[in-house]
Amino acid sequence: MSTVSSERPTSTPAKAPFYRRLHLAGTTAVIFAALVLIIIVGTVLVALQGDNLMAGNNVVNMLSRTSVLGFIAIGQSLVILNRSLDLSVGYVAALASIVGATTMAGQADRIVLGVVAALAVAAGVGLVNGLLVTKAKVNPFITTLGVGLIIKGYLDTQYQGPAGEAGPVFQNFGYTRIGVVPLSTAIMLLVAVAAYVLLHRTRTGYAMFAVGGNADVARLSGIRTNRTLILAHVLCSTTAGIAGLLLASRFSTGVAVQIYSAGYDLDSIAAVVLGGTLLMGGRGGIAGTVAGVLILATLDTVFNLLQVDPFFRDVLRGVIIVAAVALYARRQIDPNASRRRFADGPPPPPPPGNDPAESQEVAR
């Protein structure tokens, strides 16, 4: 007696279309692919102008641009993952620059004291931001903007020009290179690795994702949401303080206006969003942020070599950021999420004993 198999014959699946492969790829992979594409296109455009984007000086320039913004964007990623925001990072960097340089006073034996003082002040500002957001329930946008304006008013009143002097040895932080890689960029990458480990290998990192996803659910799950959010703000301000110390080493003195007027607050948010982190929190990562910083640095270098008008440069950057965010939003929509009407045949009959009519008959 022959048996008939009830299994359907399987066929080799066709190659998925491009948009489907793009959806299946991880967001970080897409961001780094976009970075490679921008480098290739930029290299071609610069070559048409008779220059070389990959020349040693240009590579050093690109990597140097990533350092300051990279430090700030890493901290910004942590607060955005917690569904918060920090608009005071530029002012914190300026304050740390002033505190560090004035404490060092050009003396080599005061470098450590200057670094500790600058980072302590920066962390203190982050603590204030976190407490206002969690305890006073003030919106993060208003909180960090207000704290930033307070710092700005203090700096404009007390320091109309450069102040202090970074120690000669400390200035190496801004200018020393390992091959074509600046020392500041190498340290920034180490900070990025530390932040990645924090997010993906510690309970605190898991708590940050949980708070950003849904603070109420995280609280009911036993996570101390206020403590997690405060820590994120402290770390964000601390990384901004590191950026301020880096700028002090490059300027060899503490400066204020030149730092907080450079737009690091909005640029850091742009780099984080460009790196695939959701502004609503709960999803994103440090690797994407680093790629976003590299994309912005590459674009700025290409625009400078092509001598693009500064106003039109901002337009191009804005278009690229909006297009990237639109792409990420599109990728979050599953192309197979549409309703399927018996694509694999009619639904199977209910198993014996689970039919409601049969159950009523048995009950009788």
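Residues numbered from 1 in each chain as written. Predicted model: local features only at pLDDT ≥ 70, side-chain atom pairs only at ≥ 80, totals over all residues. Heavy atoms only, no water.

### A few points about the overall build of the protein
Our working definition: Each helix corresponds to a stretch of at least 4 residues labelled H or I by DSSP, and each strand to a stretch of at least 2 residues labelled E; elements are numbered beginning at the N terminus. Working definition: with a 1.4 Å probe on protein chains only, accessible area under 20% of the residue-type maximum means buried, over 50% means exposed, and in between means partly exposed. The contact definition used throughout considers only heavy atoms, calling two residues in contact when any of these lie within 4.5 Å. In this description, accessible areas are obtained by the Shrake-Rupley approach with a 1.4 Å probe, and a residue is regarded as covered only by the protein chains that are shown.
Of regular secondary structure, the protein possesses 16 helices and 2 strands. Across the 364 residues of the protein, 42% fall into the buried class. Of all intrachain contacts in the protein linking residues separated by at least 6 positions in sequence, the fraction that spans at least 24 positions is 77%. Summing over all exposed atoms, the protein offers an accessible surface of approximately 19,500 Å²; the carbon and sulfur share of this is 63%.

### Notes on the pattern of salt bridges
Opposite charge on two side chains makes pairing possible when the charged atoms of those side chains draw close. Put simply, the rule reads: When a carboxyl oxygen of Asp or Glu lies within 4 Å of a side-chain nitrogen of Lys or Arg, that pair is called a salt bridge.
Scanning all chains against the criterion turns up 4 salt bridges. The partner of Lys152 in a salt bridge is Asp156, with the nearest N and O atoms 3.0 Å apart. Taken together, the positions of Lys152 and Asp156, both in helix H6 (residues 140-158) and 4 residues apart, correspond to about one turn of that helix. On the basis of relative accessible area, Lys152 is assigned to the partly exposed category, the value being 27%. On the accessibility criterion, Asp156 (28% relative accessible area) is partly exposed. Here Asp267 ties to Arg317 by a salt bridge, and the two come within 3.5 Å at their closest N and O atoms. Remark: Arg317 occurs in helix H15 (residues 310-331) and Asp267 occurs in helix H13 (residues 264-274); sequence separation between them is 50 residues. Judged by relative accessible area, Arg317 falls into the buried class, the value being 13%.

### Side note on the environment of Ala29
For Ala29, the position within the fold is in helix H2 (residues 27-48). Remark: the alpha-carbon pair of Ala29 and Gly288, spanning 259 residues in sequence, is separated by 8.5 Å.

### So, the confidence of the model for the protein
Selection criterion: pLDDT measures how confident the predictor is about each residue, on a scale from 0 to 100.
For the protein, the mean per-residue pLDDT works out to 84, and 83% of the residues sit at or above 70. Here residues 18-25 scores under 50 on pLDDT; set against residues more than four positions off or in separate chains, the count is 15 contacts. Contacts from residues 354-364, a stretch scored under 50 in pLDDT, to residues over four places away or in other chains number 2 contacts.

### Digging into unusual backbone geometry
Note: most residues except glycine have negative phi, and most peptide bonds are trans. Of note, Ser252 is a non-glycine position whose phi angle comes to about 65°, a positive value. Structurally, Ser252 is set in the loop between helix H11 (225-251) and helix H12 (257-260). Of note, Gln307 is a non-glycine position whose phi angle comes to about 55°, a positive value. In this structure, Gln307 sits in the loop between helix H14 (286-305) and H15.

### Considering the nonpolar core
So the rule is basically this: Nonpolar cores were defined as sets of buried Ala, Val, Leu, Ile, Met, Phe, Trp, Tyr and Cys residues, with membership established by side-chain atoms within 4.5 Å.
One finds Ile151, Leu155 and Ile286 to be the most contacted residues of the largest nonpolar core, which totals 71 residues. In terms of nonpolar packing, the next biggest core, distinct from the first, is built from 6 residues, Val46, Leu53, Met62 and Leu63 among them.

### A closer look at a nonpolar patch on the surface
Note the threshold: Patch membership requires over 30% relative accessible area and the absence of a salt bridge. Like charges are linked within 9 Å, and nonpolar side chains (Val, Leu, Ile, Met, Phe, Trp, Tyr) within 5 Å.
Where nonpolar side chains cluster on the molecular surface, the patch consists of Val36, Leu37, Ile40, Val41, Val44, Leu45 and Leu48 and spans about 640 Å² of accessible area. In this fold, Val44 is placed in helix H2. Residue class for Val44 comes out partly exposed when judged on its relative accessible area of 45%.

### Description of the packing of helix H9 (residues 203-213) against H11
Helices that pack against each other are described as a pair by the angle of their axes relative to one another and the distance between those axes. The condition that has to hold: Axes, fitted as lines to C-alpha atoms, cover a helix only where it is in contact. Angles between the N-to-C directions of the axes lie from 0 to 180 degrees. By definition in this entry, angles of less than 35 degrees are roughly parallel, angles greater than 145 are roughly antiparallel, angles of 65 to 115 are roughly perpendicular, and the rest are oblique. Under the scheme applied here, ten amino acids are nonpolar (Ala, Val, Leu, Ile, Met, Phe, Trp, Tyr, Cys and Pro), four are charged (Asp, Glu, Lys and Arg), and all others, including Gly, are polar.
Where H9 meets H11, the axes come as close as 10 Å, and the angle between the chain directions of the two elements is 105°. Comparing their axes, H11 and H9 come out roughly perpendicular. Along its contact with H9, which presents Thr204, Ala207, Met208 and Val211, the element H11 presents Thr225, Thr228, Leu231, Ala232 and Leu235. A class-by-class count of the residues in the contact of H9 with H11 yields 6 nonpolar, 3 polar and no charged.

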